[in-house]
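The chain contents come next:
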Amino acid sequence: MKNFIRMLGVVLLMASCSQEASLPEETVPDSSSLPANMLYHGEMVLGRTLENPYSLKNMENSLKDLYGTRAEVTLEPNCRYVRFLPKDDEQFSALADLGVDMFDHPLDREILRDGDYWHDPSVPEDEITWQYATVPSDFVCPEGIVHEVLEDCFIPDAVAQTKGLEYADWNAVEANAFRLTGNEALLEPETKAKKSYPSGRITIVDSGLEAGNRTVGVSGVKVMANTIVKVASAYTDAEGNYRMTTRFSAKPHYRLCFKNSKGFSIGLNLIIVPASLSNLGKGSPEGIDAEVSTDSGDALFRRCVVNNAAYDFYERCKEEGLTQPPSGLRFWILGSLKSSCALMMHHGAMLGEVKLVSNYLDLYKTLIRVISPDITIGAKNISHDYASLYSVTSHELAHASHFQNVGCDYWDTLITYVLKSFLLNGSCYGTGNGEDAGYCEIAEMWAYYLERSIINQRYQSQRGYPTYWFHPEILDGLEGLGLTHSQILSSMGRDVTDTDSFKSNLTAAYPSKKSAIQQVFRTYSR
């Protein structure tokens, strides 16, 4: 997997929007060098297998231990502890779409060192590892997905009153099952006789905002909690608040899953998985509050910033009527890569007719379609800079909205130009004189223009444009004529391959502004 990421990095460098570049190697810090209060975000270390207090057998034993002969009733399983082995993203997504919360490590194993991921050593590292979950007893696995039922379970919180056992105190039964199975240490003294619905708030510090307003919610991210095989999850709202609908009496492990409520995911944990998990540690059954900052570790901070930038972008699209990026957008964040790009590979771009790279990637095409990114964010030198990460993410999302307007063939032409320019003169934008330079001109004008607008609004700043041969100022001029972001983007269809065709579309759509539009283009003509 690491070798594949490095190989793909060559292509990412050439196709990037930034001219700064270095080969990517996704790395994590050595846990021995971390401050005591910092959570580890590398690979988990697992220990012995725990006895599952929620197994049907152990719940029946707990009932009988508490109520003797009154509990001579056979429990029926209401859930199952299972594992799946998806062969590709399609199978993984089929399970996720059914609401299955999947973990890449066995839920009944002791965690010696918590972390963000685990890969079963029996599974090749270029394949999706076993995914563990708790599902309803009547769950039907989609056809063709390898799976295994590990244990039938009974989780009291998941059902209404059980016939013949109306007298049972299920809180006590559950706590007793923990004692009988040697898991009493997981129970907190104050919660041994009660359960709680975990709730809290996940926030992050944006130091670029005005003092007093720098703590913002981590929006739309999934918070996951589990105590052995008891699993719950909830999405945060725009302010970072969450509340789960399953009660816990033991201390859960909390994690953030970067599959957002808006539909996009942030992946790449050195394992093949569409959405990264970030460890938040073990916490109270009542829930945890977590404030992410630059002291929380690079990986978690970066994911939260990119998450927020994307969530805000989707909200902006809804509010302004902008074309949204395609559904199921997939991000990779590469901490040792400076460049960023919107290759849109997961949505079919770049792998078809781009002859410069198709032969090079031929053996990897199937693998790339399993884990391929749409957007890669190069975070080298900006891992602690909220505004810079937010800015570059907004830039690439502007490209993704443009892609949705124009499609794969247009994007392949654009990427081919970028690759040729990089190979010929080391500049991904070229000089503006090459064949198909107009594709680059239109794409980058739009991305720099919208990025600047978003950042200046968020930070109340007056950021300018970098100096290139294309002129985003044209779009500022159009805005000055009263055209909205949505109207500008709507005029950038697949027939717009240079500024002349863009100008023609605009004057046809807004004839009353024809002279003023022509003057804007004359002002910034090359």
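Residues numbered from 1 in each chain as written. Predicted model: local features only at pLDDT ≥ 70, side-chain atom pairs only at ≥ 80, totals over all residues. Heavy atoms only, no water.

Colleague: Looking at this model, I keep getting lost on the overall build of the protein chain. Mind explaining?
Modeller: Check the secondary structure of the protein chain and you find 14 helices and 17 strands. Surface accessibility of the protein chain: about 21,600 Å² in total, with carbon and sulfur atoms responsible for 46%. (Helix = DSSP H or I, 4+ residues; strand = E, 2+ residues; numbered from the N terminus. Areas by Shrake-Rupley, 256 points an atom, 1.4 Å probe, with all protein chains shown as cover.)

Colleague: Explain the confidence of the model for the protein chain here, please?
Modeller: Caution applies to low-pLDDT regions: their predicted coordinates should not be interpreted in detail. Taken over all residues, the pLDDT of the protein chain has a mean of 86, while the share at 70 or more is 85%. Confidence drops under a pLDDT of 50 for residues 19-37, and excluding neighbours within four residues, the segment shows 42 contacts in the predicted structure. Confidence drops under pLDDT 50 across residues 357-367; counting only partners more than four residues distant or on other chains, this segment forms 19 contacts. (pLDDT = per-residue confidence, 0-100. Contact = heavy atoms within 4.5 Å.)

Colleague: It is not clear to me how the pairing of strand 17 (residues 375-378) should be interpreted in this structure. Could you clarify?
Modeller: Two faces make up the sheet, and in a regular strand the side chains alternate between them. Covered by surrounding structure in strand 17 are Ile375 and Ile377 together with Thr376 and Gly378, the residues of both alternating faces. Relative to strand 17, strand 15 (residues 330-334) is paired through four bridges, and the arrangement is parallel. Note on strand 17: the bridge partner recorded for Ile333 is Ile377. Bridging between strand 16 (residues 341-342) and strand 17 involves two bridges; their strand directions are antiparallel. Paired with Ala342 across the bridge in strand 17 is Ile375. (Buried < 20%, exposed > 50% of the residue type's maximum accessible area, 1.4 Å probe, protein only. Pairing = 2+ DSSP bridges.)

Colleague: Honestly, the pattern of salt bridges in this entry has me stumped. Any pointers?
Modeller: Close approach of charged atoms allows side chains with opposite charge to pair. One pass over the structure, following the stated rule, counts 17 salt bridges. For Arg48, the salt bridge identified is with Glu110, shortest N-O distance 3.5 Å. Residue Arg48 is located in strand 1 (residues 45-49), and its partner Glu110 is located in strand 3 (residues 109-113); the two are separated by 62 residues in the primary sequence. Look at Glu110 and you get partly exposed, because its relative accessible area is 28%. Of the charged contacts in the structure, one is a salt bridge between Arg458 and Asp206, with a shortest N-O distance of 3.0 Å. Here Arg458, found in helix 10 (residues 437-459), pairs with Asp206, found in the loop between strand 6 (199-205) and strand 7 (215-217); they are 252 residues apart in sequence, far enough to count as distant. Note on Asp206: relative accessible area 0%, which makes it buried. (Salt bridge = Lys/Arg side-chain N within 4 Å of Asp/Glu carboxyl O.)

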